[in-house]
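This is what each chain is made of:
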Amino acid sequence: MPKTRLNVSLDQDLAEFAKVFAAENRTTVADMVTQYLLALKRRVEGEHMEKILAHPAFQQAMEDAQAKLRSGTAQWHSYDEVFGD
């Protein structure tokens, strides 16, 4: 889907928080906003994901992945390594 530009004005302290949080979590502010709005859209349209998100194993897997990303111990693989040719 084509992307479009959206300008948003925020309080300076909130904008700085978003930038720091994004950097600490190795993502971008744009991706954070996209994920938030996508989750909101799904909720409004009735496409709830609570079952998988609430599952203890899923939550633990997400926490483990975040810990590896934050510590820099995550092992990265190419697309071909993961999905083959």
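Residues numbered from 1 in each chain as written. Predicted model: local features only at pLDDT ≥ 70, side-chain atom pairs only at ≥ 80, totals over all residues. Heavy atoms only, no water.

### Thoughts on the packing of aromatic side chains
Here the distance between the centres and the angle between the planes together describe a pair of aromatic rings.
(1) Moving on: Throughout the structure, instances matching the rule amount to 2 aromatic pairs.
(2) Moving on: Measuring from ring centre to ring centre gives 4.8 Å for Y79 and F83, while their planes differ by 40°; the resulting arrangement is tilted. Of this pair, Y79 and F83 both sit in helix α5 (residues 79–83), 4 residues apart, which is roughly one turn of that helix. Residues Y79 and F83 agree in their burial class; the two are exposed. (Phe/Tyr/Trp six-rings, centres within 6.5 Å; stacked < 30°, edge-to-face > 60°. Helix = DSSP H or I, 4+ residues; strand = E, 2+ residues; numbered from the N terminus. Buried < 20%, exposed > 50% of the residue type's maximum accessible area, 1.4 Å probe, protein only.)

### Describing the confidence of the model for the chain
Regions with low pLDDT should not have their predicted coordinates read in detail.
(1) Moving on: A residue-level look at the chain finds 91% of positions with pLDDT of 70 or above and a mean pLDDT of 84.
(2) Moving on: Ranking the elements of the chain by mean pLDDT puts helix α3 (residues 50–54) last, at 63, and helix α1 (residues 12–24) first, at 92. (pLDDT = per-residue confidence, 0-100.)

### Looking at the pattern of salt bridges
(1) Moving on: On inspection of all chains with the given rule, the structure shows 2 salt bridges.
(2) Moving on: In this structure, K19 and E16 form a salt bridge, with 3.7 Å as the shortest nitrogen-oxygen distance. Note that K19 and E16 are positioned in helix α1 at a spacing of 3 residues, about one turn of the helix.
(3) Moving on: Notably, a salt bridge pairs E45 with K41, separated by 3.5 Å at the nearest N-O pair.
(4) Moving on: Taking the relative accessible area as the measure of exposure, E45 reaches 46% and is therefore partly exposed. (Salt bridge = Lys/Arg side-chain N within 4 Å of Asp/Glu carboxyl O.)

### Focus on helix α2 (residues 29–44)
(1) Moving on: Taking 1.5 Å as the rise per residue, α2 with 16 residues should run 22 Å; its terminal C-alpha atoms sit 22 Å apart, in good agreement.
(2) Moving on: At the C-terminal side of α2, G46 shows a positive phi close to 80°. (Expected span 1.5 Å × (residues − 1).)

### So, the environment of A65
(1) Moving on: Considering the arrangement of structural elements, one finds A65 in helix α4 (residues 56–71).
(2) Moving on: Sequence-wise, A65 and G46 are 19 residues apart; in three dimensions their C-alpha atoms are separated by 28 Å.

### With respect to a nonpolar patch on the surface
(1) Moving on: On the surface, L6, V8, L10, L14, F17 and F21 cluster together into a nonpolar patch covering about 620 Å² of accessible area.
(2) Moving on: Within the secondary structure, L6 sits in the segment before α1. (Patch = residues over 30% accessible without salt bridge, like charges linked within 9 Å, V, L, I, M, F, W, Y side chains within 5 Å. Areas by Shrake-Rupley, 256 points an atom, 1.4 Å probe, with all protein chains shown as cover.)

### Examining α1
(1) Moving on: Between its first and last C-alpha atoms α1 spans 18 Å; for 13 residues at 1.5 Å apiece the expected length is 18 Å, and the two agree.
(2) Moving on: After α1 finishes, the residue R26 shows a positive phi value of roughly 50°.

### Quick look at unusual backbone geometry
(1) Moving on: One non-glycine residue with positive phi stands out, namely R26, at about 50°.
(2) Moving on: Looking at the secondary structure, you find R26 in the loop between α1 and α2.

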